[in-house]
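Chain residues, written in single-letter form:
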Protein chains: 2
Amino acid sequence: MDVGKTLEPPVTGWQTFAIICHMPPRRRPRAVTITDVAQAAGVAPSTVSRAVTRPDRVNAVTREHVLAVANRLGYRPSPVARALGSGRTWTLALVLPDITNPYFAGVIRGAERQAAATGHVLVIGSSEESGRAEWRIVEKLAGSVDGFLIVSSRMSDQRIVQTAGLRPVVLVNRQTPGVTSVSPDQASGTRQIIEHLASLGHREVLFIAGPPESWLGARRWAGISAAAKKRRMTARRVGPFPPSIEGGFVGGEAALSDTATAVIAHNDLLAIGVLMRLASRGVRVPEDLSVVGFDNIFGSDWCDPPLTTLGDRTEQAGRSAVDLLVSLVEDHGDDAEPPAEIVAPTELVIRRSTGRARTGKLVLR
Amino acid sequence: MDVGKTLEPPVTGWQTFAIICHMPPRRRPRAVTITDVAQAAGVAPSTVSRAVTRPDRVNAVTREHVLAVANRLGYRPSPVARALGSGRTWTLALVLPDITNPYFAGVIRGAERQAAATGHVLVIGSSEESGRAEWRIVEKLAGSVDGFLIVSSRMSDQRIVQTAGLRPVVLVNRQTPGVTSVSPDQASGTRQIIEHLASLGHREVLFIAGPPESWLGARRWAGISAAAKKRRMTARRVGPFPPSIEGGFVGGEAALSDTATAVIAHNDLLAIGVLMRLASRGVRVPEDLSVVGFDNIFGSDWCDPPLTTLGDRTEQAGRSAVDLLVSLVEDHGDDAEPPAEIVAPTELVIRRSTGRARTGKLVLR
DNA sequence: TTGAAAGCGGTACCAA
DNA sequence: TTGGTACCGCTTTCAA
C-alpha cells in the first residue's frame, strides 16, 4: 500500500542531474553539542558535562550560567553519546511471547510506568510464542539495553542463564535457578480453584492445557492435580492448545467428550474460547458445565457468562520486576546475596461461569 | 549480571583485602571490540568494520578470515557505538495514548513486525491520554531514535510539526498538514453506519463522544452528522467521556435519557461499557436500543451481545506506517515530494447489537 | 572547582 | 582492496 509511489513525481532531468552530481547527502542539521555550549559559555566541555549531569560538583554561578547558555542554544544531550561514554543506556528491554495477548497489558503498563519513574525507557520485544525468536531478540537487544525483563519466557533454563550472562535479567512468571524472578503463587491459586469447585460439588475436573513451554502452565497443572488429589477429586488433562480464543474452540470440543463437570483452562483466552464453543453447541454454563480460567484479563468480566478466574497483580508484578532489575543494573559489582525469587499473591475472582455440579450426564441440545 | 560471578570463588581474605584497597569497581567485563579482532586477525580495525558491515567491499579470503576470528573471539558489534558514528540508531519510537487499550494491539503488532523486518527495534511510549506527556516522551526519545510513529496523537498540530522538525514522523489516525499520515476512512465508515441504521428504520441517533483531543473522534462526529443530515435523520451528541469501559457506564446512562433509538459510541470500549450499563438497567439490546461502536477490538465479538462496529485494518496500518517512516528516515535529504496522506479502508462489521428501531418510547424495566 | 585529554567502539574518508 | 585516522558527543580520570 505504498501510497507514496503514486504521489511521487516522475524522475525528471533535474533530479537525475542532482543524483549524478552526487549531491552531498544533506544530513540532519548538526545538533548543538556540549562543545558549542562550552565555547559560548567560555568554559571547558567537561564543565558543561558536569553542570548538566552533576550540578552539585560545579560552582553555583558557573552552573547557572552554563545552564542558561545551554538553554539558549537549545542544547539537548545525546543519549547515544552518553551511553557510549558511560556504559549506561537507561533503556530496559521487556520481552514477552505475544504483545497482543491482553494478559500482558498489565505487566507492560506497570513496567512502563516504573521504568519511566526511574528514568528509563522501555523497549518491547514480542517473540510470537517462540523460544528461538525470544533468544534472537535478546541477542539483538543485548548491546543496547541495561537489562532484560523476560515475561513468561519460552526459552530453556540454559538460554535464560546465558541471557543473564549478557545482561542483568529479571524473570516474570518463571523461575530459573540463580535468576531473579517474580511469579504468581500458583500453588495457593490452584488450591483456591479446587476448593471453590469442591464446594460446588464437583468431583471431576478437566484441565485444558496451554503451551508445553509455559512454566506457569506446568505449575498450574501440578497445583491442580495436587490439590485435587488432596480433595480426592479426579483431575485429567487434555492438550496442549495454543493459548488463544481459537485454541479454546478446540479445547471446548475436547471438554464436550469428557465426563468432567468442570473445566479449568490454562488461561482466560482459552477459557473464553471454550465458552464460545460451548454456547454454539447449546451447552449452558454453568448449569451443564463450569468453566474456570487464569489471569483475570480485560474482558473476562464482560464475556458471556462472566468468567470465574484466578487473577494476579500483573501491573504490580511489572513494577516490582523493574525495581529489581534496576537494582541489579545499579549493583554491578559484588552480589553476594542470592537472587530474589518473589512469589506474588493470587486471588480467585468468582463470577458466573461456575456453579453447582450437574448431577447427570452432559446432554447436548 | 557479570557472568563471572557465579564462576568466581567465594569471597576470600584476598578479595576482602582487594576491596579495602579500593579495588577498581570491576565493571562489566570489557566487551570484545573491533580492535581486538583486528589485532587477532592481523588487519586494521577499518577492515574489520568493513568485513562486518560491507562484506562486498572486502577481499573474500580476508573477509572469511576476519569473520572467523571475530566469531572465535565472540565479537558483537556495539549498537551504541555504531549509532554514534553513523547517526542511525535503527530504533523507531511508537507513541500512543494508552498501551492497555486493546485497539492499539493491532497497530503495535503490525509496527513491531515491520520494524523487525526492516532491521529496526521498536520503542513504545504510552502517554496515558495526555498531550503533554506525549510531548515529554517525544523530547526524551528524540535523541535515541531514527523516527516517530505517533498513533492517535493527543498533541496539537503545532507540537506535531515541532516533533517533525526533530525527527521524521508518521502519524496514524491523525492528519496534520505537511506530515505523513495513515488514517482510516471515517467519511465512508460513518456513512456505512448511518446507512445500516437507516435500513433498520432508525431516524434518531445519539453519538457518545470520546476525548475532545481525539482527531478521529472529531471526524467521526462530523461524518455521522453529515451522513445523518443527508438521510434526513437527527443526530445528537453527548459527552465527552473517557474512551474506556467505565466511560461507557456513564455514557449508557446518558443514552437512557434520550429519545434516540440507536447510539453510536466513540469506540468499542465505550460501546461495551454502554452495553453493560444497559444490561444492568434491564434495557434489551437491540430490541430496545441499538448500539454501534468503532474499532472492532478484540472482544467486541464475544461481548453480550456481540457488537456491531466499524473496523479498520490496524495491523496493516501499523505496517504501512513503519514502511513510510523508514523511507522518510532513509530519505534524509531532498523532500521535494509532498508528504503522503494515506486513507485506509474501513468496514462495518454487523453483529447482534443492532436491530430494527423500536417503535414506542424506551421503557425501563 | 575547573580544564585538559584520553577514551568509549565504531564509521567513513583519504591515501596508499 | 587495505590501512591510517579523524571524528561522533559525552564521560571520566588526572592535574592544575
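What counts and how
By convention here, each chain's residues receive numbers from 1 onward along its written sequence. Labels follow written order: the first chain is A, the first ligand is 1, and so on. Predicted model: local features are reported for residues with pLDDT of at least 70 only, side-chain atom pairs are reported and counted for 80 or more only, and whole-chain, interface and lining totals are derived from all residues. Numbering of helices and strands runs from the N terminus, with a helix taken as a DSSP run of H or I at least four residues long and a strand as a DSSP run of E at least two residues long. Throughout, radius of gyration means the C-alpha value; the globule benchmark is 2.2 Å times the number of residues raised to the power 0.38. Counting other C-beta atoms within 10 Å of its own, a residue is labelled buried from 20 upward, exposed at 12 or fewer, and partly exposed in the gap between, with every C-beta atom placed from the backbone. Placing C-beta atoms from the backbone, we regard two residues as in contact once those atoms come within 7 Å. Each residue gets a C-beta atom placed from its backbone. If that atom is within 6 Å of a molecule or strand, the residue is near it. Here the term charged refers only to Asp, Glu, Lys and Arg, the term nonpolar to Ala, Val, Leu, Ile, Met, Phe, Trp, Tyr, Cys and Pro, and the term polar to all other amino acids, Gly among them. An automatic or database domain assignment supplies the residue ranges for each domain. Take the buried Ala, Val, Leu, Ile, Met, Phe, Trp, Tyr and Cys residues, join any whose C-beta atoms are within 7 Å, and the set you get is a nonpolar core. Pairing between two strands is assigned when DSSP locates at least 2 bridges connecting them. Where helices are involved, their axes are fitted lines through C-alpha atoms of the stretch in contact, as for all axes, and angles between N-to-C directions lie from 0 to 180°. Should an angle fall under 35 degrees it is called roughly parallel, over 145 degrees roughly antiparallel, and 65 to 115 degrees roughly perpendicular, with every other angle called oblique. Working rule for handedness: look at the near helix, and if it is turned counterclockwise from the far one by less than a right angle, call the crossing left-handed; if clockwise, right-handed.

What follows covers the overall build of chain A. What chain A contains, in helices and strands, is 14 helices and twelve strands. A compact globule built from 365 residues should have a C-alpha radius of gyration of about 21 Å, whereas chain A, at 28 Å, is more than 25% larger. In terms of principal-axis extent, the alpha carbons of chain A reach across some 90 × 65 × 35 Å. Residue burial in chain A is summarised as follows: out of 365 residues, 48% are buried. Contacts in chain A between residues at least 24 apart in sequence constitute 70% of all its contacts with a sequence separation of at least 6.

With that out of the way, let us pick up the environment of T180 of chain B. Residue and element names in this part refer to chain B. Structurally, T180 can be placed in strand β5 (residues 180–184). Considering only alpha carbons, one finds T180 and G106, 74 residues apart in sequence, at a separation of 20 Å. Not counting the four nearest positions on each side in its chain, T180 is found in contact with V170, L171, L324, L328, P339 and A340.

With respect to spatial proximity, 27 residues lie near DNA strand D, and among them I34, S46 and G85 of chain A together with S46 and N59 of chain B are the closest. Listed by contribution, the elements that provide at least two residues to the surface near DNA strand D are α4 (45–53) and α6 (79–86) of chain A together with α4 (45–53) and α6 (79–86) of chain B. Looking at the surface near DNA strand D residue by residue, the classes come out as eleven nonpolar, twelve polar and four charged.

Glancing now at the domain arrangement of chain A. Domains assigned within chain A are domain 1 (34–86), domain 2 (91–183 + 314–342) and domain 3 (186–312). Centre-to-centre separation of domain 1 of chain A and domain 3 of chain A, based on C-alpha positions: 59 Å.

What follows deals with the nonpolar core. In this structure, L94 and L149 of chain A together with L94 and L149 of chain B are the most contacted members of the largest nonpolar core, which totals 90 residues. Among residues more than four places away in sequence, those in contact with L149 of chain B are L92, A93, L94, A111, V170, V172, A321, V322 and L325 of chain B. In this structure, I208 and I224 of chain A together with I193 and A227 of chain B belong to the second largest nonpolar core, which totals 77 residues.

Before going further, it helps to examine the sheet that holds strand β10 (residues 308–312) of chain B. Residues and elements named next belong to chain B. Pairing within the open sheet is mixed, and its six strands lie in the order β7-β6-β8-β9-β10-β12. Looking at which strands have only one partner, the edges of the open sheet turn out to be β7 (234–238) and β12 (346–349). Adjacent strand axes in the sheet meet at a mean angle of 20° when their direction is disregarded. Examined bridge by bridge, strand β6 (residues 204–208) and β7 share five bridges and lie parallel to one another. What sits directly across from E204, in β7, is T234. With respect to the sheet, helix α11 (residues 215–230) is in contact with β6, β7, β8 (262–265) and β9 (290–294), its orientation differing from that of β7 by roughly 155°. Where helix α12 (residues 245–256) meets the sheet, its contacts fall on β6, β7 and β8, and the angle it forms with β6 comes to roughly 155°.

All names here are of chain A. Reading across from one edge, β7-β6-β8-β9-β10-β12 is the order of the six strands in this open sheet, with mixed pairing throughout. Of all strands in the sheet, those bounded by a partner on one side alone are β7 (234–238) and β12 (346–349). Taken pair by pair, the neighbouring strands of this sheet meet at an average axis angle of 20°, ignoring direction. Across four bridges, the pairing between strand β10 (residues 308–312) and β12 is antiparallel. Following the sheet pairing, L310 is matched in β12 by L348. Contacts from helix α11 (residues 215–230) reach β6 (204–208), β7, β8 (262–265) and β9 (290–294), with the element oriented near 155° to β7. Helix α13 (residues 268–280) rests against β6, β8, β9 and β10 of the sheet, and its axis sits at about 155° to β9.

In the vicinity of DNA strand C, 27 residues are found, and the nearest of them are N59 of chain A together with I34, S46, A81 and G85 of chain B. Counting only elements with at least two residues in the surface near DNA strand C, the list comes to α4 and α6 of chain A together with α4 and α6 of chain B.

A separate point is the packing of helix α10 (residues 186–199) of chain A against α11 of chain A. Residue and element names in this part refer to chain A. The geometry of α10 relative to α11 is characterised by a closest axis approach of 8 Å and an angle of 50° between their N-to-C directions. In this view, α10 runs oblique relative to α11, as classed from their interaxial angle. Remark: the crossing between α10 and α11 carries right-handed chirality. Across from Q186, A187, G189, T190, R191 and I194 in α10, the residues of α11 making contact are L216, R219, R220, G223, I224, A227 and A228. Counted by class, the contact of α10 with α11 contains six nonpolar, four polar and three charged residues.

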